[in-house]
Amino acid sequence: MKKALITGITGQDGSYLAEQLLDRDYEVHGLVRRVTLEDPTHRLRRIRHIQKDLRLHLGTIESYARLLDIFEDVKPDECYHLAAQSFLHESFEDSHTTFDTNITGVLNTLTALKRKSPDTRFFFAGSSEMFGKVEETPQTEETKFHPRSPYGITKVTGFEITRNFREAYNIFACSGIFFNHESPRRGYEFVTRKITSNLAKISCTGEGVLKLGNLEAQRDWGFAGDYVDAMWKMLQRSEPEDYVVATGESHTVREFVESAARHAGMDLYWDGEGINECGIDRTTERKVVEIDPKLFRPSEVNLLLGNASKARRELGWKPRVYFDGLVSMMVESDLRK
Ligand code: G4F
């Protein structure tokens, strides 16, 4: 039986990956923080249904000593490093914590792996945020990085650390350059879930307003369940390589709002301009969306669009869910809630 260790197992991607690895008959280990175990109802909610089949280890990616112990004890065949401070907005507000967690975390994990279990295959969750102020469209594995946030900088650094361990120490280490991927398990701080949860609530109760920042940013949004499959496929290759994982379709935040409103049974139209613009539901003539200038970022990534041809060709990976399917899946789940 193969063994896998997942850092960030309680997050959206960690939970989908753990499910898929259990289905593939892996022994699945996860790293969890003490605060998580102390608040199981909230923090373990995404893995509660499979918790009895998992082996959870107390620890953090900030603790090198603890990671040494875990790699020595478990000696996993594969390690998926998903743990990170992944919210862009927070990375501007508290860049030091983001740098500490995201950069030291990769370095600790890879160093412990190299010392105690050098045959373990390692996956690093890179991000399309590394492209930032994009130098070409669509973005591929060859596109130059130009990060626009502290978070993006940490992901570029993590990518380079991963490459260095591959080249310097012959570790099977690779990075997925993952474009935005969402699901009904997405955290409420990210724009897609913020939109679907608020519009579902407004549609059911007739109360509340959804406050948003930049409506014109374009993202290549896919389904997280599809993306974790690409992680696994990357670690089954004969040689470690980096891959872009994306749908190849880009939509604005405004389009996401419009589609989600339709799925929630609203007939949305826009009124006003700039920060005074708002979205109104024609059926009730109620204001359901407004702009909050505080939600704009100091430096924005305007357009992300990925070209995942290499993943399609070499991994046989392709997305099963595209924009409309994703929006409807998320709205329906929030309406049920
Ligand atoms: O949903 P977001 O917060 O995701 P963002 O910043 O693109 O990052 C996500 O995807 C990355 C991959 O490219 C990951 F690496 C990262 O960890 C994360 O998963 O924001 C999407 C867009 C941005 O342009 C933002 O300015 O939505 C815009 N936006 C407009 N109003 C908002 C809001 N974003 C949030 N979170 N909240 C708003 O009210």
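This text follows the structure it describes.
Note that the structure is a prediction, hence the values are computed from the model and not measured. (Residues numbered from 1 in each chain as written. Predicted model: local features only at pLDDT ≥ 70, side-chain atom pairs only at ≥ 80, totals over all residues. Heavy atoms only, no water.)

Here's the deal with the site of the ligand
(1) Moving on: Near the ligand there are 25 residues, and of these S127, S128, Y151, R297 and E300 occur at the shortest range.
(2) Moving on: Take S86: an N or O atom from its main chain is 2.8 Å from an oxygen atom of the ligand.
(3) Moving on: Here an oxygen atom of the ligand and a side-chain polar atom of K194 are 2.8 Å apart.
(4) Moving on: Computed on the free molecule, the ligand has an accessible area of 720 Å², of which 96% lies beneath the protein chains in the complex. (Near = heavy atom within 4 Å. Polar contact = N/O pair within 3.5 Å; in protein donor to acceptor, adjacent residues only side chain to side chain. Areas by Shrake-Rupley, 256 points an atom, 1.4 Å probe, with all protein chains shown as cover.)

Examining the sheet that holds strand 15 (residues 286-291)
(1) Moving on: Taken together, four strands build an open sheet; the order of strands is 8-15-14-13 and the sheet is mixed. Pairing within the sheet leaves two strands with one partner each, and these edge strands are strand 8 (210-212) and strand 13 (268-271). Neighbouring strand axes in the sheet, compared pairwise and without regard to direction, differ in orientation by 25° on average.
(2) Moving on: Examined bridge by bridge, strand 8 and strand 15 share three bridges and lie parallel to one another. (Pairing = 2+ DSSP bridges. Helix = DSSP H or I, 4+ residues; strand = E, 2+ residues; numbered from the N terminus. Axes fitted to C-alpha atoms, helices over the stretch in contact; angles between N-to-C directions.)

Overview of the pattern of salt bridges
Close approach of charged atoms allows side chains of opposite charge to pair.
(1) Moving on: Taken as a whole and judged by the stated rule, the model has 26 salt bridges.
(2) Moving on: Here D53 makes a salt bridge to K52, at a shortest N to O gap of 3.4 Å.
(3) Moving on: The exposure class of K52 is exposed, given its relative accessible area of 71%.
(4) Moving on: One salt bridge connects E72 with K116, and the closest N-O pair in it is separated by 3.3 Å. Taken as a pair, E72 in helix 4 (residues 64-74) and K116 in helix 6 (residues 95-116) lie far apart in primary sequence, 44 residues in all.
(5) Moving on: Here E72 falls in the partly exposed class, since its relative accessible area comes to 40%.
(6) Moving on: Through salt bridges with shared partners, one network takes in R24, D229 and K233. (Salt bridge = Lys/Arg side-chain N within 4 Å of Asp/Glu carboxyl O. Buried < 20%, exposed > 50% of the residue type's maximum accessible area, 1.4 Å probe, protein only.)

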